[in-house]
Amino acid sequence: MPRGAEQGGGARLNIRYRIEQVADLPPVLAAVLGIFVLALLVGVVWGLLRLPDHTKLRSPAARERAKRRKESQKRQKKLRSRRESLQRKAGRR
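What counts and what doesn't
- Residues numbered from 1 in each chain as written.
- Predicted model: local features only at pLDDT ≥ 70, side-chain atom pairs only at ≥ 80, totals over all residues.
- Heavy atoms only, no water.
- Helix = DSSP H or I, 4+ residues; strand = E, 2+ residues; numbered from the N terminus.
- Buried < 20%, exposed > 50% of the residue type's maximum accessible area, 1.4 Å probe, protein only.
- Areas by Shrake-Rupley, 256 points an atom, 1.4 Å probe, with all protein chains shown as cover.
- UniProt positions renumbered as here; feature names shortened; annotations may be inferred.
- Patch = residues over 30% accessible without salt bridge, like charges linked within 9 Å, V, L, I, M, F, W, Y side chains within 5 Å.
- Salt bridge = Lys/Arg side-chain N within 4 Å of Asp/Glu carboxyl O.

### Some remarks on the overall build of the protein
Helices and strands together make up the secondary structure of the protein, namely four helices and zero strands. Shown N-terminal to C-terminal, the secondary structure of the protein runs as helices and strands in the order α-α-α-α. Within the span of the protein, comprising 93 residues, buried residues form 3% of the whole. Total accessible area on the protein stands at roughly 9200 Å², and carbon and sulfur atoms take up 61% of it.

Given below as structure tokens:
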């Protein structure tokens, strides 16, 4: 067999070999390993869910600035729509 063909499926064979190794374990040991893997997965998900919310503004000053910016954007949007409406009316004449 050529050397390149031998290396091509190496990763798949290695995974299959590892799965067969786990299948050959005694049932109690396989169950313990499965529970350990599940606990590890649950721990990672729990840890990710417990991370602090990075989008939440912490300081009162930052919250106030965000509130003022939002109100300003709302006013600007109204003014823009009014100006465009007036320009459309002027264009029809």
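### Digging into the UniProt feature "transmembrane region" (unreviewed entry) in the protein
UniProt's feature table lists "transmembrane region" (unreviewed entry) at residues 28-49, given in the numbering used throughout. Structurally, residues 28-49 comprises 100% helix and 0% strand, and the distance from its first C-alpha atom to its last is 31 Å.

### Brief notes about a nonpolar patch on the surface
Judged by side-chain polarity, Val22, Leu33, Phe36, Val37, Leu40, Val44, Leu48 and Leu51 come together as a nonpolar surface patch covering roughly 740 Å² of accessible area. Among the elements that take part in the nonpolar patch, helix α3 (residues 27-49) stands out by supplying six residues, more than any other. Among the residues examined, Val44 registers a relative accessible area of 46% and is labelled partly exposed.

### A short note on the pattern of salt bridges
Tallied over the entire structure, the rule returns one salt bridge. Residue Glu64 is joined to Arg68 by a salt bridge in which the shortest nitrogen-to-oxygen separation is 3.9 Å. Here the residue Glu64 and the residue Arg68 both occupy positions in helix α4 (residues 60-92), the gap between them amounting to four residues, near one helical turn.

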